[in-house]
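Spelled out, the chains give:
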Amino acid sequence: MIKKYDSQRMYQLILKIYEAYGFSTSDSEKIAHTLIYTDMHGIESHGVQRMSMYDKFIQNGKIKINSSPEIIKETSVSAVVDAHFGIGQLNGIYSMNLAIKKAKEHGVGIVTTKKSGHYGIAGFYANMAAKQGMLGISSTNSRPGMVPTNSTQPFLGTNPIGFAMPAHPHNFILDFATTTVPQGKIEVYRKLEKNLPEFWVAKDGINPVHDHNDKQDLDLLRVPKSNVGLTPLGGISELTGGHKGFGLGIIVEIFTSILSQGDTSSENDGSNPTIGPCQSFIAIDPAIFGSKQEIINRFSDYLQEIRELPAVPGRTIYVHGDKEQLRYIDAKKNGIPVDDATISEIKLIATRLGVPFKEYLL
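Residues numbered from 1 in each chain as written. Predicted model: local features only at pLDDT ≥ 70, side-chain atom pairs only at ≥ 80, totals over all residues. Heavy atoms only, no water.

Our next topic: the sheet that holds strand S8 (residues 201-203). Spatially, three strands are ordered S9-S8-S10 in an open sheet, and the strand pairing comes out antiparallel. Single-partner strands in this sheet number two, and they are strand S9 (207-208) and strand S10 (228-230). Sheet topology note: the S8/S9 ladder contains two bridges and is antiparallel. Directly across from Ala-202, in S9, lies its bridge partner Pro-208. (Pairing = 2+ DSSP bridges. Helix = DSSP H or I, 4+ residues; strand = E, 2+ residues; numbered from the N terminus.)

Put into structure tokens, the structure is as follows:
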């Protein structure tokens, strides 16, 4: 069952949990903000649902609480950051702020970060740049999940891409996995006991796995070199464009692991504590092309033209960021939806850490 919870009370609970782990108040605020931001914009797969996974990583030392990102190579427009296995949200905020600073000074900032951690949604970091009047792009690799076109074995990660640009009445934000769906979406469906649409998950590269009770096959999604994986964006066949999602996943690897000389998705099976995901952060100041305000205004008018196109009867045309904005408005008023299984996980974490769960959530 899914219930709605007050976002501010949930934020305070998460803040207290991360302080109890040993993070500073400032860092705990940043982590809590990214998780609540994600749920408030309707991306339940990467919000508080991820706290159980982070808890396991903190306990087994894969997330190092007292670690700080370090610049190991730098130019006026670029940098390579070694995150030293700090929590991904803090690494991402640090790295995108560095890219934004370079873009303000030189028009473009590109930062690639290695030995990081799961950082949530790529769109959060892209939107950090958009809030500063810039174009923002962020991506991350991950553990192997995607089955390359015509392969029977996962090799690339879900490798999402986030893009954001200032616009009116709200920023344009496009955030998508280069697999048909992210791993977290599978986890949400299994918690809700919902069957998966066909060809989200494929066995032997071609056979669908869609029964949420199919524990034997679905559990193989986390097993290295198994014969079960997520399909590329576009599906299992070149006829439906699966090779395009596969190619986009490789592009993400270029900007994350290859340029940083870090670990590729295929090297990250989760068993080696010295291997971690890589990320990229790009900020571009539109002023290097002309009047920033004129560019933003023209883009805003362009998006409005799309919204006003003739629509299929009974449907509404949305551009990227519209639905998220509507979900944000609703969540601010009515609370964020969280499933019972996730609430139970958070309660267990809070209880173990001595955080009074009932003071924040009934």
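The parts lose accessible area when they come together, and the size of an interface is often stated as this lost area. Here the chain is partitioned into domain 1 (1-60 + 320-361) and domain 2 (67-288). Put simply, the middle of domain 1 and the middle of domain 2, counted by C-alpha atoms, are 21 Å apart. Contacts between domain 1 and domain 2 engage 27 residues on the former and 24 residues on the latter. Carbon and sulfur atoms supply 69% of the area buried between domain 1 and domain 2, which totals about 2300 Å² over both sides. Interface area lost by domain 1 to domain 2 is led by Tyr-37, His-46 and His-320, which between them contribute 26%. Counting every contact that joins domain 1 to domain 2 gives two salt bridges. Residue Arg-50 is joined to Glu-187 by a salt bridge in which the shortest nitrogen-to-oxygen separation is 3.3 Å. Elements with a contribution of two residues or more to the side of domain 1 that touches domain 2: helix H2 (25-40), helix H3 (51-59), helix H10 (322-334) and helix H11 (340-353). Ranked by residue count, the leading element in the side of domain 1 that touches domain 2 is H2, at eight residues. (Domains from an automatic or database assignment. Contact = heavy atoms within 4.5 Å. Buried area = accessible area lost by both parts, 1.4 Å probe. Salt bridge = Lys/Arg side-chain N within 4 Å of Asp/Glu carboxyl O.)

What follows is about the nonpolar core. In this structure, Met-10, Leu-13, Ile-14, Ile-17, Tyr-18, Phe-23 and Met-51 are the most contacted members of the largest nonpolar core, which totals 35 residues. Sorting the residues of this core by element identifies helix H1 (7-21), H2, H3, strand S12 (336-339) and H11 as the ones contributing at least two each. Top element by residues in this core is H1. It accounts for eight residues. Ignoring sequence-local partners within four residues, the contact set of Met-10 consists of Tyr-5, Ile-36, Val-48, Ile-336, Val-338, Ile-343 and Leu-361. Counting residues in hydrophobic clusters, the runner-up holds 24 residues, among them Tyr-37, Ile-121, Ala-129 and Met-134. (Core = buried A, V, L, I, M, F, W, Y, C linked by side-chain atoms within 4.5 Å. Buried < 20%, exposed > 50% of the residue type's maximum accessible area, 1.4 Å probe, protein only.)

Our next topic: the pairing of S12. Side-chain alternation along S12 places Ile-336 and Val-338 on one buried face and Pro-337 and Asp-339 on a second face that is also buried. Across four bridges, the pairing between strand S1 (residues 2-5) and S12 is antiparallel. The partner of Tyr-5 across the bridge, within S12, is Ile-336.

Two orientations exist for strands paired in a sheet by backbone hydrogen bonds: parallel and antiparallel. The seven strands lie next to each other as S2-S3-S4-S11-S5-S6-S7, forming an open sheet whose pairing is mixed. In this open sheet, the two edge strands, each paired with only one partner strand, are strand S2 (70-74) and strand S7 (172-176). The sheet shows a mean angle of 15° between the axes of neighbouring strands, direction not considered. Pairing of strand S6 (residues 161-165) with S7 involves five bridges; the strand directions are antiparallel. (Axes fitted to C-alpha atoms, helices over the stretch in contact; angles between N-to-C directions.)

On a regular strand, each side chain points to the face opposite its neighbour's, so the side chains alternate between the two faces of the sheet. Buried residues dominate strand S3 (residues 78-82), accounting for four of its five residues. Looking at chain direction, S2 and S3 are connected through four bridges and run antiparallel. Among the inter-strand pairings, Glu-70 is bridged to a residue of S3, identified as Asp-82. The turn linking S2 back onto S3 is made up of three residues. Pairing between S3 and strand S4 (residues 108-114): five bridges, direction parallel. Directly across from Ser-78, in S4, lies its bridge partner Ile-110. Assessed by its sense of winding, the connection that carries the chain from S3 through helix H4 (residues 88-106) to S4 is right-handed. (Right-handed = clockwise from strand over helix to strand, strands pointing away.)

Tracing the backbone shows Thr-342 in helix H11. Residues contacting Thr-342, with those up to four places away along its chain left out, are Val-48, Gln-49 and Lys-191.

Volume-wise, the second largest pocket comes out at about 480 Å³. Contributing elements (two or more residues each) for the lining of the second largest pocket: H3 and helix H6 (183-191). Looking at the lining of the second largest pocket, the element that brings in the most residues is H6, giving five residues. A breakdown of the residues in the lining of the second largest pocket according to their chemical character gives five nonpolar, four polar and nine charged. The residues that make up the lining of the second largest pocket include at least three from each of domain 1 (1-60 + 320-361) and domain 2 (67-288). (1 Å grid on protein atoms, 1.4 Å probe; cavity = no way out; pocket = protein on both sides within 12 Å on 5 of 7 lines; lining within 4 Å. Points joined across faces, edges and corners; volume = space filled by probe spheres on them. Nonpolar A, V, L, I, M, F, W, Y, C, P; charged D, E, K, R; others polar.)

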